[in-house]
Amino acid sequence: MSANSYNGRSAPELDARSIRESSVSVAVPTVGLEINANHLRAVREGVVTGTARPLHVGRSTQVWEIRIENEAGELTCISRLTMAVVPQRAVNTRNVAT
């Protein structure tokens, strides 16, 4: 992501990226419960890289750590995201939700 698109948007971007990652990790839908982001360094130009890693992947919740670094590898933002796993409703043989 370029620095211009990053400025002031890291928390929503972190949330969106982590939701995609968490949904893939358990193959079921997830929704965000809480996000905490600490902005440590300004980025005015260049490219930033975000890395999300799971700290906890359970049946009903997930906790993710997201790090955003600048081109020099310096940490610019650290975030923790808590997700709820949305259980799929049971479907009968007629394909009607029960």
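A quick note: this is a predicted structure, and the numbers were derived from the prediction, not measured.

Undergrad: I'd like a description of the sheet that holds strand β1 (residues 30-39), backed by residues and values.
TA: Spatially, the four strands line up as an open sheet ordered β1-β4-β3-β2, and their pairing is antiparallel. Taken across any chain shown, the strands that pair with only one partner, and hence form the sheet edges, are β1 and β2 (49-57). Each adjacent strand pair in this sheet contributes to an overall mean axis angle of 20°, direction not counted. In this sheet, strand β3 (residues 61-69) lies alongside β2 in antiparallel orientation, the contact comprising eight bridges. From the neighbouring strand, P54 faces β3, where its bridge partner is W64.

Undergrad: Break down the confidence of the model for the chain for me, with residues and values.
TA: Here the chain averages 78 in pLDDT, while 63% of its residues score no lower than 70. Throughout residues 1-5 the model reports pLDDT below 50, and contacts reaching past four residues in sequence, or to other chains, amount to 13 contacts.

Undergrad: If you had to explain the environment of V31 to someone new, which residues and values would you point to?
TA: As for its placement among the helices and strands, V31 is situated in strand β1. Accessibility expressed as a relative area gives 40% for V31, which makes it partly exposed. When residues no more than four places from it in sequence are discounted, the contact partners of V31 are T82, M83, A84 and V86.

Undergrad: For the pattern of salt bridges, give the residues involved together with the corresponding values.
TA: Two side chains with opposite charge may pair up if their charged atoms get near one another. For the structure on display, the rule yields three salt bridges. Measuring nitrogen to oxygen at the nearest pair gives 3.1 Å for the salt bridge that ties E74 to R41. Linking E74 in the loop between β3 and β4 (75-85) with R41 in the loop between β1 and β2, this pair joins segments that are 33 residues apart in sequence. Relative accessible area serves as the criterion here: at 33%, E74 is assigned to the partly exposed category. The partner of R53 in a salt bridge is E65, and the shortest N-O contact between them spans 3.0 Å. Residue R53 is located in strand β2, and its partner E65 is located in strand β3; the two are separated by twelve residues in the primary sequence. Given a relative accessible area of 44%, R53 falls into the partly exposed group.

Cut-off values and rules
Residues numbered from 1 in each chain as written. Predicted model: local features only at pLDDT ≥ 70, side-chain atom pairs only at ≥ 80, totals over all residues. Heavy atoms only, no water. Pairing = 2+ DSSP bridges. Helix = DSSP H or I, 4+ residues; strand = E, 2+ residues; numbered from the N terminus. Axes fitted to C-alpha atoms, helices over the stretch in contact; angles between N-to-C directions. pLDDT = per-residue confidence, 0-100. Contact = heavy atoms within 4.5 Å. Buried < 20%, exposed > 50% of the residue type's maximum accessible area, 1.4 Å probe, protein only. Salt bridge = Lys/Arg side-chain N within 4 Å of Asp/Glu carboxyl O.

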